[in-house]
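Listed below are the residues making up each chain.
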Amino acid sequence: MDDLLREFIAETRETLEALSGEIVAWEATPDDRERLDAIFRFVHTVKGSCGFLDLPRLSRLSHAAEDVLAAVRSGERTPDTALVNAVLAIVDRIGEIVEAIDAGAPLHDTGEELLIAALHEGAEAAMPAPVVLARRTPARSVRLNVELLDRMMNGMSDMVLARNELARRLRDAGADPATEAALDRLSATVAEMRDTVTRTRMQKIDALFSALPRMVRDTAAELGKSVTLHIEGSDVELDREMIEMMRDPLVHIVRNAIDHGIEVPAARRKAGKRENGRLAVSARQSGNQIIIMIEDDGQGIDVDALMAMAARDGRSEAELRRLSDRGKLDLVFEAGLTTRESVTAISGRGVGMDVVRANVERIGGRIDLANTPGKGLAIAIRVPLTLSIIAAIGVSVGDQRFAISSPTIDEIVSIHGEAIRIDMLGSTPVATVRGRRLPLVDLAGALGIVREGTAGKLVILSISGGSYALAVDDVLDHEELVVKPAAPTVMATGLYAGHTLPDTGVPMLLLDCAGIAASAGIRFWREPEAESCGREVEAPAVPALLFDDLDGVRRLVVLAAIDRIESVPTEAIRHSAGRLRLSLDGRIVPLVAQGDWADHDQVQILRLRDGDTEIAYAVREAHDIVDLPDIVVPARVPGPVAGVVALAGQHIELLDLFWLFGEHGDLPTRAAAPLCLLDGSETVWMTSFLKPVLENAGYRVTAALKGGDRPDVVLTMDAATPASDASVPVVRLRREREAAAEPGTIYRYDREALLAALTLSSGVGI
Amino acid sequence: MTGLFLIAQLAGRAVAIDSAQVESVVDLGTIVPVPCAEAQVRGLAALRSRVVTVIDPRAVLGGGMSAGSRAVITCIDGHHYAILVDALEDIAPFEVRPLASGVVLEGVWSSIGYGTIELDGTPILTIDVRALVPGALPLAA
C-alpha cells in the first residue's frame, strides 16, 4: 500500500505542477473549455485514487469540486469569479494535504467545510486560514517513462559492444599492463552499470500480489466460501513489463482456484478439511527464472469429469482413455473446456486456461500442474526474469549460428549416443531417444542450409502440444541475450522469434521452435502411450545442492540427504583400515572423495545422513540450491554418479546416494539377508528404481557379484538366461502392463507381485 | 517539389533517393544470411548496437547480387533497413518532376520510381527505397 500511496503523491504533485499554469489561465478566462476540462480531469483522478487509498478528506474535497465542475461542463452553472476562486482554493488545499501526507505532518482540517460550502451557488467566498506547512521534503524518486529506460538499455548495449571491440583491438595490438588495468576497470564499471540499468526496469512482484487479498475476499464472499490467502515472496523482482503480462493469467488462476478448486464450507467439513480453504500464492527466483506458485487445498481437478467433457466435445473416448495421466490433466488447457456445469460470474467467461497458457507461453514461460484429486491443485508458472533478456543456447548449422531459448529445451543429446537411434518411417525421419519416439527435424533442411558434415547433436524441444528433436551440427554455448523483434519481412518466414547481437558483434537469429515444427509439417496429437519410464513418476521439484567437486567437476546432490555442510582441515582425513575416513566430533566417519584432497589445507564436506548411517563427502565448494530437473539420464554403470541432468544448458552429474550409502555406508548388514542380483541389460533402471524397494524389503542388492558371493535370486528384464549359475532362481520383469507377449513375467511397476515372486523364488522368508 | 537528393548507383543504374528517407550511409560489416526469407533480404548486419536488415535491390531489379558493402540506412516502422547500393555519387538539392508523359517504367522499377530530376541535363529516376523492402508499405507517389 505504501508504494501505491507514494505513487499517488508523486502523480498528484506532478499533475499539480503542470496544472498551475492552467489554473492561472482559467482564472483569467473562466469560459475556456479546455482549461476547465484539465482541472476537471485532475479532481476526478484525485477522487478516484482517494477512494481506493482510503483518504476521506481528499475524497470529500475532490468530490465536491468535481460536482461543481461537472455542473459547469453541462452548462448548469456559469463559471463566475466566486466559483473559480472556490475551486482553486480546493485545488490548493489538495496540494497542501498531499504535501502533508508526504511529510508525515498533521494538517488541521479547519476551514475545509467552508471551502466546500463556498462552492455552492451564491455562497460567500471563503478565505481559508493560511496553513504553515513543513518544508517540502525533497523527492527521492522520480517517475520515468519506459521509453527512456529502453533507450538507456540500448545505450548500455552499445557501450558493452564498444568495450568488447576495444578489448579485441587492445589484445591484437598487445597492450601494456597499465592500459589493460584501465580496460579492466572500464569493464567492471560497464558490467555494474549494465546490472543497474537492468534493475531500473525491475519492479517488486508485490505490484502484482497486492491486489490479491481484496480479490480473494470478494470472490470468496460472492461464492459463499471462506478462503485464507497466504502470500510469500512479494519482494521478488521482475521486469515491469512482465508484471503486466502476468496480471491476467494470475487473476484468472486465482479466481479459478476459488471457484472450481476450493469447496463450500459444508463440503469441506464432510471431506474432513478445515472450513477455511487455503490458497497460497508465492514467488521465488531460481536462476534467471521466476517461479510463481498458486496452491489450493480444494478438490483438485476431477480428471474423469474433464474427460467426459472432452468426450462431449467430440473427442474419441478410446483416444482419451489412452492418454497418460499428465495428458489427461493437460485437457484443462484445451480451448472451451470447463468442468463446471454452469457458467458462473467468476469464471467460465470464455477466458479459459487455454488463454492463460497461451499468455504465459507468449512471454517465454511455462505452466505446470500438480493435481492431487480431493486434496488440491498446485500450479507453477515459470517465466524469465525479463522480456528482453533471455537465456539461450547457441547452435550451429553449416557456417551459421542460431539461438534457441533455453526454457524450450528439454535436453541435448549426441546423435551418436548409445540410447539414440534415427530411423526412417517412409520418408519421415524419426528419432528414438531412450525409448521415447520423437519427430525429427533437421535444421539444415528446414532452413535450406547446405552442410558439409553430418548433424552431431539432437536438441529435444518441448513446445505447446508435444516435443520434437531438432538436428543441428553442434551446440555452442549458453548465453544471456538481448532479443529484439526482427523486421516484419524476417518475421514473415515464421521461423524466427527475433534477432540479437551477442558479444561477438555478429547478429544472430533466435529460432521460433514452434514455427520450425509447423513449417516442417509436424502435427501433434495426444500420445497414446506413456512417454517414458522417467515421466510416469511425476513428483514436485526436489531441491538439490550444486557444488564443485574435488576433481573440478560440478555435481548435484539431493538436498534432503545433506545433514550439514562444514569445513574441515585435511589433516583430519586419513586412509585407514582399508578406506578413507574422517575424524569428526570425536567419531570416525567414512569419507568419499572424488579427486585430490591432499593439496588443500581445508576441504568442505557434505555430511550425508540416512537414518543412523553417516557419510562425509568432500567437495571443493558448495554453490547453490536448485530444483532437480525431472529428467535424469542414467549413468552407464552404477557408481558414485547416478546420472546426468541438464541444468541451465550445462550437463551436471547427480550423485547416486544409494550407491554411496550402499558402498561406503557402514550399514549394519544382516548376514542372513538374501542377495539379489540385478542382471542383464536393464541393470541401470533396476538399480535406480528397484534397488531402494528391494533394500527396503530386506534384500541385499548388487549388480555385479563380488568373489565368492552367490545370489539367492536373479532379477532380469532380458529374455535370455543370465550367465550366472543356472541353479539360481530367476525372476523376469517386463515393460508392458499386459502379460500377453511375455508369459511368466511380472510387470515391472507391480511392486506386490514382484516382491511376492522374489520371496517365492529365493525361498527366504523375510 | 524541391528536396535534397542522394545520387546513387543502384543495380547498375543512377537513381536519386530523397534524403528524408535516408538516415545514414554506411559500410556494412559481416552480413548474416536469413534462411527462407524473401530473395531481396540479404541478411542481418550489426550497426553499432543495432541489428539492421540488409536489402539487396539487385535480387529484384536483376543483375545478380550486389558485391559491395555500402548501403543507405532507412527506418520504417521502427525497424532499420540497409539498402545495398553500388556507389554513392553526390548529394544536392533538386527539383522533382513527374515522369514525362508516355514514359512507362518496367517491372519492379515501376513500383519504386516516381519521378525524375535533372543532373547536368541527364534525367535521373527518383526512387522510393522503402518500396524495396518487402512487407513495408510502398509510398504513394
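Above this note sits the structure.
Quantities reported herein were computed from a predicted structural model and do not represent experimental measurements. (Residues numbered from 1 in each chain as written. Chains lettered and ligands numbered in written order. Predicted model: local features only at pLDDT ≥ 70, side-chain atom pairs only at ≥ 80, totals over all residues. Heavy atoms only, no water.)

**Describing the overall build of chain B**
On a plain count of helices and strands, chain B comes out with two helices and 10 strands. Beginning at the N terminus, the succession of helices and strands in chain B can be written as β-β-β-β-β-α-β-β-β-α-β-β. Looking at chain B as a whole, 47% of its 141 residues are labelled buried. At a minimum sequence separation of 6, the contacts of chain B that also span at least 24 residues come to 53%. By element, 53% of the accessible surface of chain B is carried by carbon and sulfur atoms, the whole surface being about 6,600 Å². (Helix = DSSP H or I, 4+ residues; strand = E, 2+ residues; numbered from the N terminus. Buried < 20%, exposed > 50% of the residue type's maximum accessible area, 1.4 Å probe, protein only. Contact = heavy atoms within 4.5 Å. Areas by Shrake-Rupley, 256 points an atom, 1.4 Å probe, with all protein chains shown as cover.)

**Details of the overall build of chain A**
Across its full length, chain A holds 22 helices and 34 strands. Within chain A, buried positions represent 43% of all 766 residues. When the accessible surface of chain A is summed, it comes to about 39,300 Å², and 52% of that surface belongs to carbon and sulfur atoms.

**A closer look at the pattern of salt bridges**
Residue and element names in this part refer to chain A. Within this structure, the stated rule accounts for 31 salt bridges over all chains. One salt bridge connects Asp218 with Arg214, and the closest N-O pair in it is separated by 3.2 Å. One end of the pair is Asp218 and the other is Arg214, both in helix α9 (residues 212–223) and four residues apart, which spans about a single turn. Where salt bridges share partners, they join Glu263, Arg268, Lys273 and Asp297 into one cluster. (Salt bridge = Lys/Arg side-chain N within 4 Å of Asp/Glu carboxyl O.)

**Some details on the interface of chain A and chain B**
By a frequent convention, interface size equals the accessible area lost on bringing the separate parts together. Each partner contributes to the interface: chain A provides 25 residues, whereas chain B provides 19 residues. Note on chain A versus chain B: buried area summed over both sides is about 1,700 Å², and carbon and sulfur give 70% of it. On the surface where chain A and chain B come into contact, there are zero salt bridges. Our count for the chain A to chain B interface comes out at two residue pairs in polar contact (both at pLDDT 80 or more). (Buried area = accessible area lost by both parts, 1.4 Å probe. Polar contact = N/O pair within 3.5 Å; in protein donor to acceptor, adjacent residues only side chain to side chain.)

**Topic: the packing of aromatic side chains**
Residue and element names in this part refer to chain A. The final tally for this structure, using the stated rule, is two aromatic pairs over all chains. With a centroid separation of 6.5 Å and 15° between ring planes, the pair formed by Phe402 and Tyr496 is classed as stacked. Here the residue Phe402 occupies a position in strand β9 (residues 400–405), and Tyr496 occupies one in strand β17 (residues 496–500), the gap between them amounting to 94 residues. What makes Phe402 buried here is its relative accessible area of 0%. Seen in terms of ring centroids, Phe547 and Tyr617 are 5.8 Å apart; in terms of plane orientation they differ by 70°. Their pairing is edge-to-face. Placement of Phe547 in strand β19 (residues 542–549) and of Tyr617 in strand β26 (residues 613–628) is noted, with a sequence separation of 70 residues between them. By relative accessible area, Tyr617 is classed as buried at 0%. Geometry around Phe40 places Arg73 over its ring, the cationic atom sitting 4.0 Å from the centre. (Phe/Tyr/Trp six-rings, centres within 6.5 Å; stacked < 30°, edge-to-face > 60°. Lys NZ or Arg CZ within 6 Å of the ring centre and 35° of its normal.)

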